[in-house]
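Each chain is listed here by its residues.
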Amino acid sequence: MRILKGIAASSGIGIGRAFLYVHEKLVIPHVYIPAAKINAEKERFQHALGMVGGELGNMLDESAAEDHRKILETHLLMLSDPEFNVMVKKRIESDSICAEWAVESILSSLIETLEKADDPVLRERGADLYDIGWRVIRQMMGKRRPDLAAINEEVVLVADTLLPSEALSLDHMNVKAIALDGGGRTSHVAILARALQIPTVVGLGKITGKVSPGDEIIVDGNLGEVAIRPSSASAHKMRNRYDRWMEHERELQDLAALEAVTKDGHRVELKANIETVDEIDSVLKHGAGGVGLFRSEFLFLKPGGATEEEQFTAYRDVIERMHKSGSVTIRTIDVGGDKVIPGMEGLGEENPILGWRAVRFCLSRKDIFRTQLRAMLRASAYGKLKIMFPMISGPEELDNVLLVLDQVKDECRSTGIPFDEDVEVGTMIEVPSAALCADLLAPKTDFFSIGTNDLIQYTIAVDRGNDKIAYLYQPFHPGVLRLIRLIVEKGHQAGIPVAMCGEMAGDPLSTVLLLGLGIDEFSMSPQSLLEIKNIIRSITLAEAKELVGKVMEMNSYIHIDTYVREWMHDRFGDFVTT
Ligand code: PEP
Ligand code: MG
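All figures in this text were calculated on a predicted structure; none of them were measured in a lab.

Criteria and cut-off values
- Residues numbered from 1 in each chain as written.
- Chains lettered and ligands numbered in written order.
- Predicted model: local features only at pLDDT ≥ 70, side-chain atom pairs only at ≥ 80, totals over all residues.
- Heavy atoms only, no water.
- Phe/Tyr/Trp six-rings, centres within 6.5 Å; stacked < 30°, edge-to-face > 60°.
- Helix = DSSP H or I, 4+ residues; strand = E, 2+ residues; numbered from the N terminus.
- Buried < 20%, exposed > 50% of the residue type's maximum accessible area, 1.4 Å probe, protein only.
- Lys NZ or Arg CZ within 6 Å of the ring centre and 35° of its normal.
- Core = buried A, V, L, I, M, F, W, Y, C linked by side-chain atoms within 4.5 Å.
- Contact = heavy atoms within 4.5 Å.
- Polar contact = N/O pair within 3.5 Å; in protein donor to acceptor, adjacent residues only side chain to side chain.
- Disulfide = S-S within 2.5 Å.

Another point: the packing of aromatic side chains. Note on aromatic pairs: each is described by the distance of the centres and the angle between the planes. A full pass over the atoms with the stated rule returns 6 aromatic pairs. Centroid distance Tyr-32 to Trp-101: 5.2 Å. Interplanar angle 65°. Geometry classified as edge-to-face. Note that Tyr-32 is positioned in the loop between β3 (13–21) and α1 (38–62) and Trp-101 in helix α4 (residues 99–116), a separation of 69 residues in sequence. Judged by relative accessible area, Trp-101 falls into the buried class, the value being 16%. Sitting above the plane of the Tyr-382 ring, Arg-316 keeps its charged end 5.8 Å from the centroid.

Next comes the structure, spelled out in structure tokens:
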């Protein structure tokens, strides 16, 4: 037996046999082919097309999910496109190059052309083409990856990393738990695992090198531990701990209908973060007072992205289903960084975290941006919608996105599309420069929402997804706490509420501190809501302010962390502090 310690990313315990999934970096061979072997090379390509076609056909026969079937059908159609076939074969012949190289070069020029097209349907084809082209290349190189969507028995997924699109394709009935080599608590795969309610531990170092397919694995997503080939005694211990935790969770259910109000009468809003429409059941079950962050980019993860109609339907559904509980804040698309969408993997930016993401992407792809804003405005006619912009770095950028929003509103007015004229518009504060000029941004916006996942990453200069430096990712770093205090102060001076939608808002260890710092709205994964409500209802605002007073005088995050941990442990016990 072997126990590995990692980072607890999604609570619960999962037991099952290991399903190993490792991404290999493919280096495409650039080999010249002698004239005598050109025909054989073309045949090798043709054979790969046939094999991939057969594989997709089988998957189509077995797949029940409508979305998945549509994707497979599109891919099959593309695979049999004679034009693609002829282009690749001609390239093999004219340049005397191997088939992998020919497919790669045809793919990149086709995708580049498609991405420049005016017609959105043509642009969407780029992502599909990318997917299918790489399947063919992998087939020829003998590097086929198992299809995660096809997992049809109960397993524990052990992987180096997972792309968001891969995580979304998982069948959460069969995937009992996830254990990953890399990643941090606030990496997007961890966020998705919580949304899918799959117990998950990340940052395990090299678990993929220590596990063989079929090994028995226990993943404890509460403690951040993974047992490989466990003894029956330790399996028993882990199950006991799980039972105690489940009992605690059941007790918390009684709080679902109650308000989030402190013992001295200070009320805050508790809302949910969601990535997909399917999560609304869980949001309602956990008694959220609205959706504080809908990460709309997850609609774009499927090949082909999301049309205006698809977006409108998703936004409207969420707004209508939340109507009785509260408003819905939809964030405009935040792709880039570690949220790669199919077709964007190839951009090859040297520094994607500091690169072309979120509103930076939207301002240079106004076609996508406007379509999304129009879908949101249309949906605003069906309930209470708020629109929020991610990664704003300063006043000019905010002015630029607000200008586009005004233009789209004008367009709606002139074409008679009804929308909520009073729709509120918020700014995420997740870049240090935005925090430092919060006073300049506040008058331009109806609310702030602090995105601590990125704010911590950029303030401390620590990649949120890199397990090697996870020890530096400290929400209680004095620099981070000072920025939060500044944002709240400037927001309140301008008379706007300050929300928080980063993972810190759902971390029980931070709740009292954040309350004392003046956060008005906490938005988090639905599973965390009741624990946080329990804490808020058990203390007074005066106590929270006293804690903040003490902590802000301390000169290191270690002191702050130790002090807060002990304070919280004395009041709430181990479920809050592990
Ligand atoms: C954040 O950065 O805190 C946030 C909520 O946005 P995301 O995690 O999607 O980057
Ligand atoms: Mg962010």
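So, on to the nonpolar core. Core analysis: the largest hydrophobic core is formed by 99 residues, its most contacted members being Phe-389 and Ile-484. A total of 7 residues in this core trace back to one element, the largest contributor, which is helix α13 (residues 395–414). Contacts of Ile-484, omitting those with residues within four sequence positions, involve Ile-450, Thr-452, Met-500, Met-504, Leu-514, Leu-517 and Ile-519.

The next subject is the side chain of Asp-215. Residue position: Asp-215 is located in the loop between β6 (200–202) and β7 (216–220). A distance of 2.9 Å separates a polar side-chain atom of Asp-215 from the backbone nitrogen of Ser-212. Ignoring anything within four residues of it in the chain, the contact list for Asp-215 reads Gly-16, Arg-17, Ala-18, Lys-210, Ile-228 and Arg-229.

To continue, consider the state of the cysteines. Under the definition given, this model contains 0 disulfides. Note on Cys-362: no disulfide assigned, nearest cysteine sulfur contributed by Cys-501 at a separation of 16 Å. Note on Cys-437: no disulfide assigned, nearest cysteine sulfur contributed by Cys-501 at a separation of 18 Å. Of the residues examined, Cys-437 reaches a relative accessible area of 13% and is grouped as buried.

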